[in-house]
Amino acid sequence: MLDKNEESIDEFLNMYKDIFERLEKEQKVGNLSALSLGAIIRLTYSVAYKLTMNTDNVQKKVGDVMSGKILDLPEFKAYDQGVEQGIRIFIEDKFEDGIPVDVIKSKIIRKFDLSEDKANSYIEQVKASYATNT
């Protein structure tokens, strides 16, 4: 029985790890979108859960392996990247309009709920990029 055999459990988990490593490689090279990868992760988790419903030991271990994948879904990364890109575009636009840096900083702190350090970091990144592109 899978639940009692540690070697079988490890083999089962290694299979899932291998699948995810392959999928992540495909996503990194552009053969799989972040959205598709996220859907596959969720569906795989659902299947793994159903397969292990009656095996507490296996379900706990699968949950440990899968929880990182579920919590770190590509859609969340894509969202965060979109927000960062939006902040940078916002800052660039304000630079082009001649808005003073202190005003830009206060606006992005308020609009994007950023710390002052994070706001300064974005401004410095955009300044460096803006200076080289103009």
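Along each chain, residue indices are assigned from 1 in the same order as the chain's sequence is written. Local features are withheld for residues below a pLDDT of 70 in this predicted model, meaning they are given only at 70 or higher, and side-chain atom pairs are given and counted only at 80 or more; totals for whole chains, interfaces and linings count all residues. Calculated side-chain values reflect all of the structure's heavy atoms, with hydrogen atoms and water omitted.

Novice: Teacher, can you tell me more about the side chain of Lys105 here?
Specialist: Take Lys105: it is sitting in helix H5 (residues 101-112). Polar contacts involving the side chain of Lys105 include one to the side chain of Asn120, which spans 3.3 Å. We call two residues contacting when some pair of their heavy atoms lies within 4.5 Å. For Lys105, the residues in contact, after removing those within four places along its chain, are Glu116, Ala119, Asn120 and Ile123. Secondary structure is summarised from DSSP: a helix means a run of H or I of at least four residues, a strand means a run of E of at least two, and numbering begins at the N terminus for each. Distance and chemistry together define a polar contact, namely a pair of N or O atoms within 3.5 Å, with one atom able to donate a hydrogen and the other to accept it when in protein, and with adjacent residues in sequence counting only for side-chain atoms on both sides.

Novice: I would appreciate a short explanation of the nonpolar core in the present structure.
Specialist: The tendency in soluble globular proteins is for nonpolar side chains to be buried as a group. Joining through side-chain atoms within 4.5 Å is the link that ties buried Ala, Val, Leu, Ile, Met, Phe, Trp, Tyr and Cys residues into a set, and such a set is a nonpolar core. In this scheme, a residue with accessible area under 20% of its type's maximum is buried, one over 50% is exposed, and one in between is partly exposed, where area comes from a 1.4 Å probe on protein chains only. Judged by nonpolar contacts, Ile87, Phe90, Ile91, Phe95, Ile104, Ile108, Leu114, Ala119, Tyr122, Ile123 and Val126 together constitute the single largest core of 11 residues. Counting only elements with at least two residues in this core, the list comes to helix H4 (74-96), H5 and helix H6 (116-133). With residues near it in sequence (within four places) discarded, Ile87 still touches Phe112, Leu114 and Tyr122. Core analysis: the second largest hydrophobic core is formed by 8 residues, Tyr16, Leu37, Ile41 and Ala48 among them.

Novice: Sorry, what's going on with the packing of helix H1 (residues 6-28) against helix H2 (residues 34-51) here?
Specialist: Their axes nearest at 10 Å, the elements H1 and H2 cross at an angle of 170 degrees. For the element pair H1 / H2, the angle class is roughly antiparallel. For the pair H1 and H2, the contacting residues are Tyr16, Phe20, Leu23, Glu24 and Gln27 in the first and Ala34, Leu37, Ile40, Ile41, Thr44, Ala48 and Leu51 in the second. Split by residue class, the contact of H1 with H2 holds 9 nonpolar, 2 polar and 1 charged. The axes are straight lines fitted to the C-alpha atoms, using for helices just the contacting stretch, and the angles between their N-to-C directions are given from 0 to 180°. Note on angle classes: values under 35 degrees are labelled roughly parallel, values over 145 roughly antiparallel, values of 65 to 115 roughly perpendicular, and the remainder oblique. Note on residue classes: Ala, Val, Leu, Ile, Met, Phe, Trp, Tyr, Cys and Pro are nonpolar, Asp, Glu, Lys and Arg are charged, and everything else, Gly too, is polar.

Novice: Quick question: what am I supposed to make of the environment of Ile91 here?
Specialist: Assignment of secondary structure puts Ile91 in helix H4. Distance from Ile91 to Lys107, taken between C-alpha atoms, is 9.4 Å for residues 16 residues apart in sequence. Leaving out residues up to four positions away in the same chain, Ile91 has contacts with Ile104, Ile108, Tyr122, Ile123 and Val126.

Novice: Help me out: how do you make sense of the pattern of salt bridges in this one?
Specialist: When their charged atoms lie close together, side chains carrying opposite charge are able to pair. Note on definitions: salt bridges are taken to be side-chain nitrogens of Lys or Arg within 4 Å of carboxyl oxygens of Asp or Glu. This model, assessed by the stated rule, comprises 4 salt bridges. Between Arg22 and Asp18 there is a salt bridge, with its nearest N and O atoms 3.2 Å apart. Of the two residues, Arg22 and Asp18 are both situated in helix H1; the distance of 4 residues between them amounts to about one turn of the helix. Owing to a relative accessible area of 56%, Arg22 belongs among the exposed residues under this scheme.

Novice: I keep staring at the confidence of the model for the chain and nothing clicks. Help me out?
Specialist: As a note on interpretation, predicted positions should not be read in detail where pLDDT is low. How sure the predictor is of each residue is captured by pLDDT, a score from 0 to 100. The predicted model of the chain averages 80 in pLDDT, with 78% of residues at 70 or higher. Within the chain, no element has a lower average pLDDT than helix H3 (residues 56-71), which sits at 61, and none a higher one than H5, at 93.

Novice: Teacher, can you tell me more about the side chain of Lys94 here?
Specialist: Relative to the assigned elements, Lys94 resides in helix H4. Note on charges: Lys and Arg go in the positive column, Asp and Glu in the negative column, and His and the chain ends are not counted at all. Of the buried charged residues, Lys94 lacks a salt bridge, with Asp93 as the closest side chain of opposite charge at 4.2 Å. Setting aside residues up to four positions removed in sequence, Lys94 forms contacts with Ile99 and Ile104.

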